[in-house]
Amino acid sequence: MSAGVGVGVGVGVGVGVGVGVGVGVGVGVAAPGALPAERGFRPLTLHFTAPGSAGSWPDHPAPRRVLPLEQVAWRNQDWEAGVYAVLVVGEFAATAWRDLRISEELLKWQPHKPNAAREVGKEIELLLNMMADQRERYLAEIVDQQDNAPLAWVAVMGMDRAARTATLRLMNCALRVGELVAIHFKAKYGRPRPSALCPALRPPFGPPGHPAFPSGHSTQGWLLTLCLKEAAPQFAPDLEWTAARVAVNRERAGLHYPSDSAAGKELAAGIFGLLNNASLCPLFAKVMADAKKEWR
């Protein structure tokens, strides 16, 4: 998942939704319009000579005003959401998140487990059936959600940058933290992608250059849903539907096993339990409190 999401007006591209730093672990956003208009491109020619004029225009130099020192202070709301989320990742990293466990039921695929070949075979058969019956119908969604999945959550809640800045910051925190945990457990389990075992799955792109288990889209997507449900519980059914849909679309694409998706959902619940503990993550608690105010 890329690590940031923002909504704003992009210079020359109209209204768009854009992103902070992307690592490609799972859900990410990579659309034009990442910067709001007030932070966009503003060219300035300091020395301009008008045609037929001997001097510069206008006749006075460019503004050089310096504001009084006591009037200028950094405001917390001026943080870029994706960058501020790094601070939350730092405090979350100090918790016991590495001790999170994935249930044995979801680890039957491991080669050293009894009946591993049979368990994996059942999952592969499911993916082949999904490819045959569903992939073509869902392909547009699958491709869009590869890099732009957080927009599904933005859309289902009808968000915009001006009115929901705190909620977008909350989303960025969920994306960054989920990315950290997903990468750690991917490295721990090192599960090859299903198409490595069954090339007939032929994913429409990729597969991504990191292990399959757990699914990053599922981990980050369910963490997004849990965070947003806490902030705006009235959207709970739609948020849960969105997380499930995005995760299953990765299976339809042949990029993940169903157990990858289930493990991501399980991890997200454990992550949220740590992240939403104010004594462990006070910065996140403030982000959550600010987001809740936007939905009262």
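All residue numbers here refer to positions counted from 1 along the written sequence of the relevant chain. Where totals are concerned, whole chains, interfaces and linings use all residues; where local detail is concerned, this predicted model gives features only for residues with pLDDT of at least 70, and gives and counts side-chain atom pairs only at 80 or more. Values shown for side chains rest on all heavy atoms present in the structure; no hydrogens or waters enter the calculation.

1. Structural notes on the overall build of the protein chain
If you tally the helices and strands in the protein chain, you get 10 helices and two strands. Helices (α) and strands (β) of the protein chain occur, in sequence order from the N terminus, as β-β-α-α-α-α-α-α-α-α-α-α. A fraction of 77% describes how many contacts in the protein chain between residues 6 or more apart in sequence connect residues 24 or more apart. The Shrake-Rupley method, run with a 1.4 Å probe, gives the accessible areas here. Residue values count only the displayed protein chains as cover. Of the roughly 15100 Å² of accessible surface on the protein chain, 59% is carried by carbon and sulfur atoms. Going along the chain from the N terminus, every DSSP run of H or I of four or more residues is numbered as a helix, and every run of E of two or more is numbered as a strand. Whether two residues are in contact is decided by their heavy atoms, any of which lying within 4.5 Å being enough.

2. What about the packing of helix α1 (residues 81-93) against helix α5 (residues 165-189)?
Fitting a line to C-alpha atoms yields each axis, with helices limited to the stretch in contact; the angle taken between N-to-C directions then spans 0 to 180 degrees. Contact pair α1 / α5: the axes reach a minimum separation of 8 Å and the direction vectors enclose 50 degrees. Comparing their axes, α5 and α1 come out oblique. The two elements α1 and α5 cross, and the hand of that crossing is right-handed. Of the residues in α5, those in contact with Ala81, Gly82, Tyr84, Ala85, Val86, Val88, Val89 and Phe92 of α1 are Leu168, Arg169, Asn172, Cys173, Arg176, Val177, Leu180 and Val181. Taken together, the residues that form the contact of α1 with α5 break down as 12 nonpolar, two polar and two charged. Note that the term roughly parallel is reserved for angles under 35 degrees, roughly antiparallel for angles over 145, roughly perpendicular for angles of 65 to 115, and oblique for everything else. Helix crossings fall into two classes, left-handed where the near helix is turned counterclockwise from the far one by less than a right angle and right-handed where it is turned clockwise. Residue polarity is assigned by list, with Asp, Glu, Lys and Arg as charged and Ala, Val, Leu, Ile, Met, Phe, Trp, Tyr, Cys and Pro as nonpolar; anything else, Gly included, falls into the polar class.

3. Quick look at the confidence of the model for the protein chain
pLDDT: the predictor's confidence for each residue, scored from 0 to 100. The predicted model of the protein chain averages 86 in pLDDT, with 81% of residues at 70 or higher. This model gives residues 7-33 a pLDDT under 50, and the stretch forms 99 contacts once residues within four places in sequence are excluded.

4. Overview of a nonpolar patch on the surface
Each patch is built from residues lacking any salt bridge and having more than 30% relative accessible area; the joining distance is 9 Å for like charges and 5 Å for nonpolar side chains (Val, Leu, Ile, Met, Phe, Trp, Tyr). Every case where a carboxyl oxygen of Asp or Glu lies within 4 Å of a side-chain nitrogen of Lys or Arg is listed as a salt bridge. A contiguous nonpolar patch, built from Trp74, Trp79, Val83, Leu87 and Leu283 and spanning about 460 Å² of accessible area, is present on the exposed surface. Judged by relative accessible area, Leu283 falls into the partly exposed class, the value being 31%. When accessible area is computed with a 1.4 Å probe and restricted to protein chains, residues below 20% of their type maximum are described as buried, those above 50% as exposed, and intermediate ones as partly exposed.

5. Structural notes on the nonpolar core
Among the nonpolar cores identified, the biggest contains 59 residues, and Phe92, Ile102, Trp153, Leu170, Cys227 and Phe284 are the most heavily contacted of them. At the level of elements, α1, α2 (116-133), α4 (150-157), α5, α7 (216-231), α8 (236-252), α9 (258-275) and α10 (282-293) are the ones that each hand at least two residues to this core. Of the residues forming this core, the biggest block, 11 residues, is contributed by α5. Setting aside anything within four residues of it in sequence, one finds Leu170 in contact with Cys227, Leu228, Ala231, Phe284, Val287, Met288 and Ala291. Nonpolar core, defined: a set of buried Ala, Val, Leu, Ile, Met, Phe, Trp, Tyr and Cys residues in which side-chain atoms within 4.5 Å join the residues together. Ranked by size, the runner-up nonpolar core spans five residues in total, among them Tyr138, Phe205, Ala253 and Leu255.

6. Observations regarding α10
The end-to-end C-alpha distance of α10 is 17 Å, a good match for the 16 Å that 12 residues give at a rise of 1.5 Å each. Here the buried face of α10 lies against α1, α5, α7 and α9. To estimate how far a helix should extend, the number of its residues minus one is multiplied by 1.5 Å.

7. Observations concerning the packing of aromatic side chains
For any pair of aromatic rings, the description consists of the separation of the ring centres together with the inter-plane angle of the planes. Aromatic rings from Phe, Tyr and Trp, with only the six-membered ring used for Trp, were paired whenever their centres fell within 6.5 Å, and each pair was classed as stacked if the ring planes differed by under 30 degrees, edge-to-face if by over 60, and tilted otherwise. Applying the stated rule across the entire model yields eight aromatic pairs. Ring geometry for Trp79 against Tyr84: centres 5.6 Å apart, planes inclined by 70 degrees, an arrangement best described as edge-to-face. Residue Tyr84 is classed as buried on the basis of its relative accessible area of 5%. Measuring from centroid to centroid gives 5.3 Å for Phe235 and Trp295, while their planes differ by 75 degrees, and the two rings are edge-to-face. Placement of Phe235 in the loop between α7 and α8 and of Trp295 in the segment after α10 is noted, with a sequence separation of 60 residues between them. No difference in accessibility class separates Phe235 from Trp295, as the two residues are buried. Pairwise contacts between aromatic rings join Trp109, Phe185, Tyr189 and Phe213 into one cluster. Geometrically, a lysine NZ or arginine CZ counts as sitting over a ring once it is within 6 Å of the ring centre and also within 35 degrees of the ring normal. Sitting over the ring of Trp295, Arg164 keeps its end group 3.7 Å from the ring centre. The ring of Tyr257 has Arg191 sitting right over it, with the charged end atom 3.6 Å from the ring centre.

8. A closer look at the state of the cysteines
Put plainly, a disulfide is one covalent bond tying together the sulfur atoms of two cysteines. Any two cysteine sulfur atoms within 2.5 Å of one another count as a disulfide. In the structure shown here, the tally under the stated rule is zero disulfides. In this model Cys173 remains outside any disulfide bridge; the closest cysteine sulfur is found in Cys227, 8.0 Å from its own. On the accessibility criterion, Cys173 (0% relative accessible area) is buried. Looking at Cys281, it has no disulfide partner, and the nearest cysteine sulfur is the one in Cys173, 9.9 Å off. Among the residues examined, Cys281 registers a relative accessible area of 1% and is labelled buried.

9. Some remarks on the environment of Gly206
Checked against the element boundaries, Gly206 lands in the loop between α6 (194-197) and α7. With a relative accessible area of 64%, Gly206 lands in the exposed category. Measuring from C-alpha to C-alpha, the distance between Gly206 and Ser195 comes to 9.9 Å, with 11 residues separating the pair along the chain.

10. Overview of the pattern of salt bridges
Inspection of the entire model under this criterion finds 11 salt bridges. Residue Arg191 pairs with Glu123 through a salt bridge whose shortest N-O separation is 3.0 Å. A residue pair is termed long-range when its members are at least 10 positions apart, and Arg191 in the loop between α5 and α6 and Glu123 in helix α2 qualify at 68 residues. Between Lys292 and Glu230 there is a salt bridge, with its nearest N and O atoms 3.2 Å apart. Of this pair, Lys292 sits in helix α10 while Glu230 sits in helix α7, and the two are 62 residues apart along the sequence. You can call Lys292 partly exposed: its relative accessible area is 30%. In this structure, a network of salt bridges that share partners links the residues Glu123, Arg191 and Asp260.

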